[in-house]
Amino acid sequence: MAIAVTGVAGTLGAALLTQRGADRAKRRELELGQALQDARENLALRRGCYTRLYRDARQFATALGRHLHVLRDRSPGEDDVRALEEAKDAHRNHWSEALMVAPDAVIAPGDTANQALTRVYGMVKRLEQGDARPGESLQSAAEAQHELWALIKVMRHAMRRDLGVAGEF
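Turning our eyes to something else, we now look at the overall build of the chain. Check the secondary structure of the chain and you find four helices and zero strands. In the chain, the succession of α and β elements from N to C terminus is α-α-α-α. Of all 169 residues assigned to the chain, the portion counted as buried reaches 32%. Approximately 10700 Å² of the chain is accessible, and the part contributed by carbon and sulfur atoms is 56%.

See the structure below:
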C-alpha cells in the first residue's frame, strides 16, 4: 500500500512539476513577446520623431536662407516673418520631442545642429531689426546658414545609425 501511495504521489508530483515548467515557459514566452513589441514600438516612435526633426531642421534652414534673400531685396512682410517663425517653432517642437526619446549618440549632433540653427536665427532677426552685432552682415549670416547643411547631415547620419539603417555615404 505504501508503494502505491508513493507511486501515485510521484505521478502527481511529476505532473505538477511538468505543469509548473510549462507555466514558466509560457510566462517567459509572453514576456519575450512583450519585450519584442515594446522594442518595435520604441523603434517606430524614434523613426517618426527623427523623420519630423530632420524634415523640420531642413525646413528651418531653408526658411532662414529664404529670409536672408528677402532681407537682401526688401523689408520682410508679415508673411515672410510668419513663415520663418513657423519653421522655427516646428523645429523647436520636434527637437523637444527628440530630447525625450533619442539616445545620447543622437542628441549630441542634434544639439550641435540645433544650436547652430538658433544662432543663425538670432543673426537673421538682428539683421532684420537693424540691430546687428559687430561682424554680423548678410554675408556672414549667409555663410553661417550654408554651414547648417553639414550639421544637419551629421544629425541625420546619427539618427539613421540609431535606427539601424545607416550606411556609409
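Read on for the rest.
Aromatic ring pairs are reported here in terms of the distance separating the ring centres and the angle at which the planes meet. Applying the stated criterion across every chain, the model contains one aromatic pair. Taken together, a centroid distance of 6.0 Å and an interplanar angle of 55 degrees make the contact between Phe 60 and Tyr 121 tilted. Within this pair, whereas Phe 60 is found in helix H1 (residues 2-73), its partner Tyr 121 is found in helix H3 (residues 104-128), the two being separated by 61 residues in sequence. In this pair, the class of Phe 60 matches that of Tyr 121, namely buried.

With that settled, consider H3. With 25 residues, H3 ought to run about 36 Å at 1.5 Å a step, and its terminal C-alpha atoms sit 35 Å apart, in line with that. Where H3 ends, the next residue or the one after it, Gly 130, has phi of about 70 degrees, a positive value.

What follows deals with the side chain of Ser 140. Along the chain, the position of Ser 140 falls in helix H4 (residues 138-163). Ser 140 gets classed as buried once you look at its relative accessible area, which sits at 19%. Within the structure, the side chain of Ser 140 is placed 2.8 Å from the backbone nitrogen of Ser 137, a separation counted as a polar contact.

What follows deals with the packing of helix H2 (residues 78-101) against H3. Interaxial distance between H2 and H3 falls to 11 Å at its minimum, and their mutual angle equals 160 degrees. Comparing their axes, H3 and H2 come out roughly antiparallel. Note on packing geometry: the crossing formed by H2 with H3 is left-handed. Facing H2, whose interface residues are Val 81, Leu 84, Glu 85, Lys 88, His 91, Trp 95, Ala 98 and Leu 99, H3 presents Ile 107, Gly 110, Asp 111, Asn 114, Leu 117, Tyr 121, Val 124, Lys 125 and Glu 128.

To continue, consider the side chain of His 67. When you line up the elements, His 67 lands in helix H1. Side chain to side chain, His 67 and Glu 128 meet in a polar contact 2.5 Å long. Look past the residues within four positions of His 67 in its chain and what remains in contact with it is Pro 76, Asp 80, Val 81, Leu 84, Val 124 and Glu 128.

A few words now on the environment of Asn 42. Note that Asn 42 resides in helix H1. In this structure, the C-alpha to C-alpha distance between Asn 42 and Val 101, residues 59 residues apart in sequence, is 8.4 Å.

Turning our eyes to something else, we now look at the pattern of salt bridges. Throughout the structure, instances matching the rule amount to twelve salt bridges. The closest approach of N and O atoms between Glu 85 and Lys 88, which form a salt bridge, is 3.5 Å. Taken as a pair, Glu 85 and Lys 88 lie in helix H2 at a separation of three residues, close to a single helical turn. By relative accessible area, which is 17% here, Lys 88 ends up buried. Here Lys 125 and Glu 85 are joined by a salt bridge, their closest N and O atoms 3.4 Å apart.

Basis of the calculations
Residues numbered from 1 in each chain as written. Predicted model: local features only at pLDDT ≥ 70, side-chain atom pairs only at ≥ 80, totals over all residues. Heavy atoms only, no water. Helix = DSSP H or I, 4+ residues; strand = E, 2+ residues; numbered from the N terminus. Buried < 20%, exposed > 50% of the residue type's maximum accessible area, 1.4 Å probe, protein only. Areas by Shrake-Rupley, 256 points an atom, 1.4 Å probe, with all protein chains shown as cover. Phe/Tyr/Trp six-rings, centres within 6.5 Å; stacked < 30°, edge-to-face > 60°. Expected span 1.5 Å × (residues − 1). Polar contact = N/O pair within 3.5 Å; in protein donor to acceptor, adjacent residues only side chain to side chain. Axes fitted to C-alpha atoms, helices over the stretch in contact; angles between N-to-C directions. Parallel < 35°, antiparallel > 145°, perpendicular 65-115°, else oblique. Left-handed = near helix turned anticlockwise from the far one by under 90°. Contact = heavy atoms within 4.5 Å. Salt bridge = Lys/Arg side-chain N within 4 Å of Asp/Glu carboxyl O.

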